[in-house]
Amino acid sequence: MKRAIKIPVTFESGLSTEELTQKIDEEIASDIWRESNLRGRQIYLWQRQGDSVELKYFHSYRSDMCDTMFQGTLNKGLQGSQLDGAIKKPATVWAIFWVIIGIALIVTAALLFAVGFSEEPEMGLLLIFSLILLVVAFIEANLLRFEKSRLANINKYLREFTSAENTDVLGEELEDNERD
C-alpha cells in the first residue's frame, strides 16, 4: 500500500442524505463527554458544517493526539447518500512536522555559521550533526506515515457507521498488505 499523505475514500450508503446527517448529528450530540473516565478509550469525534464533515480518531483519548482523521463531504448518491473525502493527517501533526523542520533549520544555520567563522573548525561536529539530521528525517517520515491498524479502524468504523454498500477498496488493500 502506498503511504500517502491523503488517502481518498468513498462510502456509498443506502441511507438518505437526511438520515445520514441526522445520524451524524446524533453522534455529535451524544453524551460521551459526561462519562468521567475517557482516558485510554478509542474515541471517534464528529464535526459537521453544512455538507462538510470531519471525523477525528483518537486511539487512546488523552494519552495520544489525534493523528488520523477523515475529512469529506456528504453528497446525494444514486440510491442513497455518499460520503466522499480523504483520510489524512490533521493540522496538529502538520504543525509539529513544521516546528521540527524549523528547529532543525535554525540549528543547522547556527552550526554552519559557527563552523564557518571558527579559526579551527571542528569537522567532527559536522559528522555528528549530519547523523542527528538523519534521525530527525526518520522521525519526520514516521510522523507523516499512516499506522495500518489506525487506518483499518477508521475505515471499518466509517463503513459500519454509514452502512456502506460499495466495495471496500482500502480494506482490501490493507488485507493484501497483511498477506505480503
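The rules we used
- Residues numbered from 1 in each chain as written.
- Predicted model: local features only at pLDDT ≥ 70, side-chain atom pairs only at ≥ 80, totals over all residues.
- Heavy atoms only, no water.
- Helix = DSSP H or I, 4+ residues; strand = E, 2+ residues; numbered from the N terminus.
- Buried < 20%, exposed > 50% of the residue type's maximum accessible area, 1.4 Å probe, protein only.
- Contact = heavy atoms within 4.5 Å.
- Areas by Shrake-Rupley, 256 points an atom, 1.4 Å probe, with all protein chains shown as cover.
- Phe/Tyr/Trp six-rings, centres within 6.5 Å; stacked < 30°, edge-to-face > 60°.
- Pairing = 2+ DSSP bridges.
- Axes fitted to C-alpha atoms, helices over the stretch in contact; angles between N-to-C directions.
- pLDDT = per-residue confidence, 0-100.
- Expected span 1.5 Å × (residues − 1).
- Parallel < 35°, antiparallel > 145°, perpendicular 65-115°, else oblique.
- Nonpolar A, V, L, I, M, F, W, Y, C, P; charged D, E, K, R; others polar.

**Examining the overall build of the protein chain**
Scanning the protein chain from N- to C-terminus turns up five helices and five strands. Moving toward the C terminus, one meets the helices and strands of the protein chain in the order β-α-β-β-β-β-α-α-α-α. When the 180 residues of the protein chain are sorted by exposure, 34% land in the buried category. Partitioning the contacts of the protein chain with sequence separation of at least 6, the portion at a separation of at least 24 is 56%. Total accessible area computed for the protein chain in this model is approximately 11400 Å², and 57% of it derives from carbon and sulfur atoms.

**Notes on the packing of aromatic side chains**
Under the definition given, this model contains nine aromatic pairs. With a centroid separation of 4.9 Å and 20 degrees between ring planes, the pair formed by Y44 and Y57 is classed as stacked. Of this pair, Y44 sits in strand β2 (residues 43-49) while Y57 sits in strand β3 (residues 52-58); the two residues are 13 residues apart in sequence, bridging distant segments of the chain. Of the residues examined, Y44 reaches a relative accessible area of 18% and is grouped as buried. Centre to centre, the rings of W46 and Y157 are 6.5 Å apart; their planes meet at 40 degrees, and the pair counts as tilted. With W46 in strand β2 and Y157 in helix α4 (residues 148-162), this residue pair connects regions lying 111 residues apart in the sequence.

**Regarding the sheet that holds strand β1 (residues 6-13)**
What the five strands build is an open sheet, ordered β1-β5-β4-β3-β2; its pairing is antiparallel. Pairing within the sheet leaves two strands with one partner each, and these edge strands are β1 and β2. Adjacent strand axes in the sheet meet at a mean angle of 20 degrees when their direction is disregarded. Packed on one face of the sheet, helix α1 (residues 17-29) meets β2, β3, β4 (68-76) and β5 (81-88) and runs near 125 degrees to β2.

**Let's talk about the confidence of the model for the protein chain**
When pLDDT is averaged along the protein chain, the result is 82, and 88% of the positions lie at 70 or above. Element-level pLDDT for the protein chain is lowest in helix α5 (residues 169-179), with a mean of 73, against a maximum mean of 89 in β5.

**Section: helix α2 (residues 91-116)**
Residues spaced three or four apart along an α-helix face the same direction, because each turn holds 3.6 residues. Here α2 spans 37 Å end to end across 26 residues, near enough to the 38 Å set by a 1.5 Å rise per residue. All of the buried residues in α2 are V93, F97, A104, T108, L111 and V115.

**Some thoughts on the pairing of β1**
Side-chain alternation along β1 places I7, V9, F11 and S13 on a buried face and K6, P8, T10 and E12 on a face that remains uncovered. Bridge analysis of β1 against β5 gives eight bridges, and the strand direction is antiparallel. Each bridged residue has a counterpart across the sheet, and for F11 the counterpart in β5 is L83.

**A look at the packing of α1 against α4**
One can describe the packing of α1 onto α4 by two numbers: an axis separation of 11 Å at closest approach and a directional angle of 120 degrees. Considering the angle they form, α1 stands oblique to α4. Together, L20, K23, I24 and E27 of α1 and Y157, E160, F161 and T162 of α4 make up the contact between the two elements. Residues that form the contact of α1 with α4 fall into these classes: four nonpolar, one polar and three charged.

**Notes on unusual backbone geometry**
One non-glycine residue, S163, adopts positive backbone phi at about 55 degrees. The class for S163 is partly exposed, based on a relative accessible area of 37%.

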